[in-house]
Amino acid sequence: MAGKKSSPGWLHWVQRGFRQVQRWWWRHADDWPLSALRRYCKALFVLLLWLLTALCLFRLIQCLLPDTLLASLTEGVTGVSKEAIALLGSLLTALIGFGLQQWKGQEEEERRREEEVQQALSEIREFATLLPKDPSEGARRYREYLRRSGVWQKAQVRYALSEAWEKTPAEFRRFVAIVEHLPEARNIGREEAIQALRWAYESLDEEWQTEAAEALRGFGLPVLGWERREWQAIVGIWPEVRLEASPPTPMDRELIWGIRILGLKGNPLGSEKAESQPLLAKTIVAPSWWEKAYHLRNEIFITLPGGGRTTLALYLAREALRQRTGFPIYWRVDTKESASGSLLDQLMPVVAVILVRYIALRPQGLTNAPPLQRKSIVRLLFHYLSEDPLTSLRRAGLPSVGEGLTVEKIVQSYAPTLSYERLSDWEIYDLLRQSVPAGFPCLWILADVQGESDEKIAQNFYGLIQTLQRFGVIVRVFLGSPSPMDLEAFGEVSLWTADDLRQMLRQRLQILSGDETLDAWCDLREWHGPPAEERLIRAANSSPARLVRLGNEVLRCIGRTGRRLSPEDMDEILGGSP
């Protein structure tokens, strides 16, 4: 038993010593005198091999044709004839000449391969220098080297490449192993993989950030920064939609003083328009009727003006991107435009621009799509962009390396086969059905109709919904009307309840002030009647925008008076007694 236990250790040391000798040989095989000794030994071996072959061939002929090779010397005595000796000499000369010719050819081939090996080793030395300076480009080169054949598969070159790669950070090596599906990825644990992917997202360029974000999504861990960039790519074509972290417009002096008097970090109410609310992602509150918007069916939602239409449309766009339930097309439509002209003609250029912005940010949306979807996307871009698609993609930030180059090749390959004749409505509907980026099952059209809608506008959108539904395109339309019940025949009347507004107000207060109610803003020693929060909610009358506007007036009142709120102040703001 003891002998059996010691055997693996002995074999391990023998194997380790053999590998060290092998590595030493790879490093010094091309140095003099080893290189000369190797060539002479090879030449001597080839010469001996051909001599032995010639002798064996002669002996074979001698055995098969004995009478031909033997001649009488004297009576009763025979020996090898002169002809046989001449034949042997000719045979040896021919074989040796042929052997030398083959050896020379092998030497030339070997010299060519040695030059290729040296060139590969030179590239690897440059690669080792590049890695610490530009790891993103280094990762692309490493991926290319792994896919090369020929001398790049020789042990000497593979060892040099591995030696250079081993000097990079462990997170870097793990990340490349994961996204390139290398064999060593099987030995990476979940926590190590997540750490490597997050490192890559923070340290590498956009191409690798895309790969890291997609891999993290596979672990069920979305990258918030990346999701926001995708969200901005979808909704950012509209100048009035600003999702920046800083306030989009300066606050007036009274509002600033009110914030300072209360000791707040910022304005918890923000703008009454969702599209200019910098804290929109944090302050979104889903009212009870929002659950209907998640159903995969076409729907028209009708609210009061200021009833949360834009908030819901932007929120659904973000959730569709996060959950990959559909590729969102956020479409802001003016009521005057929707009442006249073809809605389809207004929609298609919007789809084209959003696809350009998304593909520029995430090229895999096109490169990983099936061939039919790729062709449909390219066809849609050529038909509805005002300039060449490649120009638009580059202007939108398409990477000039990696997947970005693949996108350019795809667009260029389909361009000659496309017809530029005007499309019929049915061709457009089918084009919409197929123009879906990779990773999404279908398109989601989110039509945010600005202004007050009437029956004619509702009828136009209802017709568009019914048609697109047949082609598998999900459409959700958000209309505002001072009399929502008049449009009930076309969709779902959706109003905010007092509980919905209360939840919205309290969530905004907690983000920047930590207060749960408006009581912290009031002078409770002099307070009488209903709480300020309840009075504000009642006055908002089912309108989130009005709630925000009245809340900002409360802050301005505090800034103007230099003290906390009193019941008389509320009477003045709300225009009457409780």
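Note that the structure is a prediction, hence the values are computed from the model and not measured.

*Asks:* Is there a simple way to explain the overall build of the chain in this structure?
*Replies:* Scanning the chain for helices and strands turns up 25 helices and 7 strands. Counting the 578 residues in the chain, one finds 46% classified as buried. Considering only residue pairs separated by 6 or more positions, the chain has 73% of its internal contacts joining residues 24 or more positions apart. Counting every atom, the chain has about 30100 Å² of accessible surface; 54% of that belongs to carbon and sulfur.

*Asks:* Would you take a moment to explain the packing of aromatic side chains for this structure?
*Replies:* The geometry of an aromatic ring pair is captured by the separation of the ring centres together with the interplanar angle, meaning the angle of the planes. All chains considered together, the criterion is met by 17 aromatic pairs. When the ring of Phe127 is compared with that of Tyr145, the centres are 5.5 Å apart and the planes differ by 80°; the resulting orientation is edge-to-face. Note that Phe127 is positioned in helix α4 (residues 82-133) and Tyr145 in helix α5 (residues 135-147), a separation of 18 residues in sequence. For Tyr145, a relative accessible area of 2% translates into the label buried. Ring geometry for Phe175 against Trp208: centres 5.7 Å apart, planes inclined by 80°, an arrangement best described as edge-to-face. You can see Phe175 sitting in helix α7 (residues 170-179) and its partner Trp208 sitting in helix α9 (residues 206-218), a full 33 residues away along the chain.

*Asks:* Please clarify how unusual backbone geometry should be interpreted in this entry.
*Replies:* In terms of backbone geometry, most residues other than glycine have negative phi values and most peptide bonds are trans. Despite not being glycine, Arg324 shows a phi value in the positive range, around 60°. Secondary-structure assignment places Arg324 in the loop between α13 (309-323) and β4 (327-334). Among the residues examined, Arg324 registers a relative accessible area of 13% and is labelled buried. At Asn541, a residue that is not glycine, the phi angle is positive and equals roughly 55°. For Asn541, the position within the fold is in the loop between α23 (532-540) and α24 (544-561). By relative accessible area, which is 56% here, Asn541 ends up exposed.

*Asks:* What's the story with the sheet that holds β4 in this structure? I'm lost.
*Replies:* For sheets, the rule is that strands pair by backbone hydrogen bonds, running either parallel or antiparallel. Overall, parallel pairing links the 5 strands, which are arranged β4-β5-β6-β3-β7 in an open sheet. Looking at which strands have only one partner, the edges of the open sheet turn out to be β4 and β7 (492-493). Here helix α21 (residues 455-470) sits on the sheet in contact with β3 (299-303), β4, β5 (443-452) and β6 (474-480), set at roughly 170° to β6.

*Asks:* Explain the side chain of Arg374 to me, please; I cannot follow it from the model alone.
*Replies:* Inspection of the secondary structure assignment puts Arg374 in helix α17 (residues 371-384). Buried and unpaired, Arg374 has Glu403 as its nearest opposite-charge partner, separated by 9.2 Å. Not counting residues up to four positions away in its chain, the partners in contact with Arg374 are Leu366, Thr367, Ala369, Ile410 and Tyr414.

*Asks:* How should helix α19 (residues 403-414) be read in this particular structure?
*Replies:* Owing to its 3.6 residues per turn, the α-helix brings residues three or four apart onto one side. Look at α19: 17 Å from first C-alpha to last across 12 residues, which is about the 16 Å you get at 1.5 Å a residue. Among all positions in α19, only Glu403, Gly404, Val407, Glu408, Ile410, Val411 and Tyr414 are buried. The buried residues of α19 occupy one face: seen down the axis, they fall within an arc of 160°. Tucked into the core, α19 has its buried residues touching α9, α15 (343-361), α16 (364-367), α17 and α18 (389-395).

*Asks:* How should the nonpolar core be read in this particular structure?
*Replies:* For soluble globular proteins, the rule of thumb is that nonpolar side chains tend to be buried together. Counting residues in each nonpolar core, the largest one holds 106 residues, and the members touching the most others are Trp331, Phe461 and Trp521. For this core, the element with the highest residue contribution is α15, accounting for 13 residues. Once you skip the residues sitting within four places of it in the chain, Phe461 turns out to touch Ile300, Trp331, Val333, Ser338, Leu343, Ala447, Val449, Val477 and Leu479. By size, the runner-up hydrophobic cluster in this structure holds 39 residues, among which are Trp152, Ala193, Ile194 and Leu361.

*Asks:* Would you explain the pairing of β6 in this entry?
*Replies:* Burial analysis of β6 places 7 of its 7 residues in the buried class, the great majority of the element. Residues Ile474, Arg476, Phe478 and Gly480 line one face of β6 and the alternating positions Val475, Val477 and Leu479 line the opposite face, and both faces are buried. Pairing geometry for β3 and β6, over 5 bridges, is parallel. When the sheet's bridge partners are listed, Ile302 is paired in β6 with Leu479. Direction of pairing for β5 relative to β6: parallel, over a ladder of 6 bridges. Across the sheet, Ile445 pairs through a bridge with Val475, a residue of β6. Note that the unit made of β5, α21 and β6 has a crossover that is right-handed.

*Asks:* Looking at this model, I keep getting lost on the packing of α17 against helix α20 (residues 425-434). Mind explaining?
*Replies:* When two helices pack together, their arrangement is given by the angle between their axes and by how far apart the axes lie. Close contact between α17 and α20 brings their axes to 8 Å; oriented N to C, the two are set at 125°. On the basis of their axis angle, the class for α17 and α20 is oblique. α17 and α20 meet at a crossing whose hand is left-handed. Every residue of α20 that contacts α17 at Leu372, Gln373, Ser376, Arg379, Leu380 and Tyr384 is listed here: Glu427, Ile428, Leu431 and Gln434. Grouping the amino acids of the contact of α17 with α20 by side-chain chemistry returns 5 nonpolar, 3 polar and 2 charged.

*Asks:* Just checking my understanding: could you explain the confidence of the model for the chain for this structure?
*Replies:* The predicted coordinates ought not to be read in detail in places where the model reports low pLDDT. When pLDDT is averaged along the chain, the result is 79; 78% of the residues meet or exceed 70. Per-element confidence in the chain ranges from a low mean pLDDT of 48 for strand β1 (residues 70-74) to a high of 93 for α15. The low-confidence segment residues 1-7 (pLDDT under 50) makes 0 contacts with residues lying over four places distant or belonging to another chain.

*Asks:* Which parts of the structure should I look at to understand α20?
*Replies:* Where α20 is concerned, the buried positions are Ile428, Tyr429, Leu431, Leu432 and Gln434. Next to the buried residues of α20 lie α15, α17, β5 and α21.

*Asks:* Just to check I follow, could you spell out the pattern of salt bridges for this structure?
*Replies:* When their charged atoms lie close together, side chains carrying opposite charge are able to pair. This model, assessed by the stated rule, comprises 25 salt bridges. When the shortest N-O distance is used, the salt bridge between Arg147 and Glu180 registers 3.1 Å. Remark: Glu180 occurs in the loop between α7 and α8 (190-203) and Arg147 occurs in helix α5; sequence separation between them is 33 residues. Judged by its relative accessible area of 62%, Arg147 is exposed. A residue is classified by how much of its surface remains accessible, and Glu180, at 18% relative accessible area, is buried.

What counts and what doesn't
Residues numbered from 1 in each chain as written. Predicted model: local features only at pLDDT ≥ 70, side-chain atom pairs only at ≥ 80, totals over all residues. Heavy atoms only, no water. Helix = DSSP H or I, 4+ residues; strand = E, 2+ residues; numbered from the N terminus. Buried < 20%, exposed > 50% of the residue type's maximum accessible area, 1.4 Å probe, protein only. Contact = heavy atoms within 4.5 Å. Areas by Shrake-Rupley, 256 points an atom, 1.4 Å probe, with all protein chains shown as cover. Phe/Tyr/Trp six-rings, centres within 6.5 Å; stacked < 30°, edge-to-face > 60°. Pairing = 2+ DSSP bridges. Axes fitted to C-alpha atoms, helices over the stretch in contact; angles between N-to-C directions. Lys, Arg positive; Asp, Glu negative; His and termini not counted. Salt bridge = Lys/Arg side-chain N within 4 Å of Asp/Glu carboxyl O. Expected span 1.5 Å × (residues − 1). Arc of directions from axis to C-beta. Core = buried A, V, L, I, M, F, W, Y, C linked by side-chain atoms within 4.5 Å. Right-handed = clockwise from strand over helix to strand, strands pointing away. Parallel < 35°, antiparallel > 145°, perpendicular 65-115°, else oblique. Left-handed = near helix turned anticlockwise from the far one by under 90°. Nonpolar A, V, L, I, M, F, W, Y, C, P; charged D, E, K, R; others polar. pLDDT = per-residue confidence, 0-100.

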